[in-house]
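Letter by letter, the chains look like this.
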Amino acid sequence: MAQALRPNTAGSLLATDGRPHPLQDTLMAVTLVLGAVSFITAMFHSLHLLSSWTGLVGIFTGAYGQWISETTRERFGLILGLGASAVGFFLGMAHGGLFGGF
């Protein structure tokens, strides 16, 4: 009856291994915030500098976070942030780019 002693977290989307991961959690939070800022500001043509730069930084932050992530919860949040960052980055590039359309 060893299985009765352990909770079944294999089916949970937010499964964790029970240990703290401060670096991974910080990278996930930063990627989500950068992705949200990039995605929201990409809807405005005049904010293309902000959306493209936050998108680019969010892509790199999320990629590094994916590389060192250890749990499904971290990977799920990083993928959401990466997707939002990428959409914001590409729309920011289409509206004027990283340097204002030089």
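Up top you'll find the structure we're talking about.
Let us look at the structure shown here.

Parameters at a glance
- Residues numbered from 1 in each chain as written.
- Predicted model: local features only at pLDDT ≥ 70, side-chain atom pairs only at ≥ 80, totals over all residues.
- Heavy atoms only, no water.
- Helix = DSSP H or I, 4+ residues; strand = E, 2+ residues; numbered from the N terminus.
- Buried < 20%, exposed > 50% of the residue type's maximum accessible area, 1.4 Å probe, protein only.
- Contact = heavy atoms within 4.5 Å.
- Areas by Shrake-Rupley, 256 points an atom, 1.4 Å probe, with all protein chains shown as cover.
- Salt bridge = Lys/Arg side-chain N within 4 Å of Asp/Glu carboxyl O.
- Phe/Tyr/Trp six-rings, centres within 6.5 Å; stacked < 30°, edge-to-face > 60°.
- Polar contact = N/O pair within 3.5 Å; in protein donor to acceptor, adjacent residues only side chain to side chain.

### Some remarks on the overall build of the protein
Across its full length, the protein holds 3 helices and 0 strands. Each helix and strand of the protein, placed in order from N terminus to C terminus, yields the pattern α-α-α. Within the protein, the fraction of its 102 residues that count as buried is 35%. Taking as baseline every contact in the protein between residues at least 6 positions apart, the subset at least 24 positions apart corresponds to 78%. Entry remark: accessible area of the protein is about 6,300 Å², with carbon and sulfur atoms responsible for 74%.

### Section: the pattern of salt bridges
Tallied over the full model, the rule gives 3 salt bridges. Put simply, Asp 17 and Arg 19 hold a salt bridge, and the shortest N to O gap is 2.9 Å. Measuring nitrogen to oxygen at the nearest pair gives 4.0 Å for the salt bridge that ties Glu 70 to Arg 19. Residue Glu 70 is found in the loop between α2 (48-68) and α3 (72-95), and its partner Arg 19 is found in the segment before α1 (22-41); the two are separated by 51 residues along the sequence. Owing to a relative accessible area of 41%, Glu 70 belongs among the partly exposed residues under this scheme. Residue Arg 19 is classed as exposed on the basis of its relative accessible area of 53%. One salt-bridge network, held together by shared partners, links Asp 17, Arg 19 and Glu 70.

### Here we look at the packing of aromatic side chains
Applying the stated criterion to the full structure yields 3 aromatic pairs. Consider the rings of Trp 53 and Phe 99, whose centres lie 5.7 Å apart with planes at 80°: the pair is edge-to-face. Highlighted residues: Trp 53 in helix α2 and Phe 99 in the segment after α3, separated in sequence by 46 residues. The exposure class of Phe 99 is exposed, given its relative accessible area of 56%.

### Observations regarding the environment of Ala 84
Among the structural elements, Ala 84 can be located in helix α3. Note: C-alpha distance between Ala 84 and Ile 40 (44 residues apart in sequence) is 9.0 Å. Once residues within four sequence positions are removed from consideration, Ala 84 is found in contact with Gly 35, Ala 36, Ser 38 and Phe 39.

### Side note on the environment of Ala 29
Along the chain, Ala 29 turns up in helix α1. By relative accessible area, which is 38% here, Ala 29 ends up partly exposed.

### Observations concerning the side chain of Thr 54
Mapped onto the fold, Thr 54 is located in helix α2. The exposure class of Thr 54 is buried, given its relative accessible area of 12%. Here the side chain of Thr 54 touches Leu 50 through a polar contact of 2.7 Å, landing on its backbone oxygen. Of the polar contacts made by the side chain of Thr 54, one reaches the backbone oxygen of Ser 51; its length is 3.4 Å. In this view, Thr 54 contacts Leu 34, Val 37 and Ser 38; residues no more than four positions away in its chain are not counted.

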